[in-house]
Amino acid sequence: MSEFPLEWTQEEYLREKKRLEAEGVKVLLIDTILNPIDHAETVTYNPPMLEKEPEGSVFVFYCDTGKASKERLPEFRKRFPGKHCISLRGGRGYWRKYLQVKDNADT
């Protein structure tokens, strides 16, 4: 499996989600605190359902601050072999509702 960083910022998440999904890779923003992020499509942490996601999917876990989800990455990576597990830097607290990442073609 290719290497992914331990964390993505919100901007990296939005940019990489768009790029990877254009390549056919599923990217999920996973809520580990039962508190969805406004203006973002999130999936509640549910291991049996997540295990059914396609091989090579990217799981971006978040908590309130990003600290707990980053600390739990070894657990997530062990639980979901074949998936790429990343933490959302700053977690829910740093999410900017209306951030939109420009396409490279727009710059």
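None of the values given here were measured: they were computed from a predicted structure.

J.: How should I be thinking about the overall build of the chain in this particular structure?
T.: Secondary structure assignment for the chain yields 4 helices and 5 strands. Relative to a compact globule of 107 residues, whose C-alpha radius of gyration would be 13 Å, the chain shows 13 Å and is just as compact. With the principal axes as the frame, the chain shows a C-alpha extent of 40 × 30 × 20 Å. A fraction of 74% describes how many contacts in the chain between residues 6 or more apart in sequence connect residues 24 or more apart. By element, 49% of the accessible surface of the chain is carried by carbon and sulfur atoms, the whole surface being about 6700 Å². The averaged location of the 18 negative side-chain charges in the chain is 2 Å from the averaged location of its 18 positive side-chain charges.

J.: Please explain the packing of aromatic side chains as it appears in this structure.
T.: For any pair of aromatic rings, the description consists of the separation of the ring centres together with the inter-plane angle of the planes. Summed over all chains, the structure comprises 9 aromatic pairs. Arranged with centres 6.1 Å apart and planes meeting at 65 degrees, the rings of Phe 4 and Trp 8 form a pair that is edge-to-face. Given a relative accessible area of 18%, Phe 4 falls into the buried group. Ring geometry for Phe 59 versus Phe 80: centroids 5.4 Å apart, planes at 80 degrees, classification edge-to-face. Remark: Phe 80 occurs in the loop between helix H4 (73–79) and strand S5 (84–88) and Phe 59 occurs in strand S4 (residues 58–62); sequence separation between them is 21 residues. Note on accessibility: Phe 59 and Phe 80 belong to one class, buried. Taken together, the ring pairs in this structure connect Tyr 45, Phe 59, Phe 61, Phe 76 and Phe 80 into an aromatic cluster. Its guanidinium or amino end placed over the ring of Tyr 45, Arg 72 lies 5.7 Å from that ring's centre, counting from NZ or CZ.

J.: Help me understand the pattern of salt bridges in this model?
T.: Side chains that differ in charge, positive against negative, can pair when their charged atoms come close. By the definition in use, this model includes 10 salt bridges. Note that Glu 23 is salt-bridged to Arg 19, the shortest N-O span being 3.1 Å. Overall, Arg 19 belongs to the partly exposed group, its relative accessible area being 38%. Here Glu 75 ties to Arg 72 by a salt bridge, and the two come within 3.0 Å at their closest N and O atoms. Look at Arg 72 and you get partly exposed, because its relative accessible area is 28%. Each of the salt bridges in this network shares a partner with another, and the network as a whole consists of Arg 15, Glu 16, Arg 19 and Glu 23.

Criteria and thresholds
- Residues numbered from 1 in each chain as written.
- Predicted model: local features only at pLDDT ≥ 70, side-chain atom pairs only at ≥ 80, totals over all residues.
- Heavy atoms only, no water.
- Helix = DSSP H or I, 4+ residues; strand = E, 2+ residues; numbered from the N terminus.
- Rg over C-alpha atoms; globule rule 2.2 N^0.38 Å.
- Contact = heavy atoms within 4.5 Å.
- Areas by Shrake-Rupley, 256 points an atom, 1.4 Å probe, with all protein chains shown as cover.
- Lys, Arg positive; Asp, Glu negative; His and termini not counted.
- Charge placed at Lys NZ, Arg CZ, Asp CG, Glu CD.
- Phe/Tyr/Trp six-rings, centres within 6.5 Å; stacked < 30°, edge-to-face > 60°.
- Buried < 20%, exposed > 50% of the residue type's maximum accessible area, 1.4 Å probe, protein only.
- Lys NZ or Arg CZ within 6 Å of the ring centre and 35° of its normal.
- Salt bridge = Lys/Arg side-chain N within 4 Å of Asp/Glu carboxyl O.

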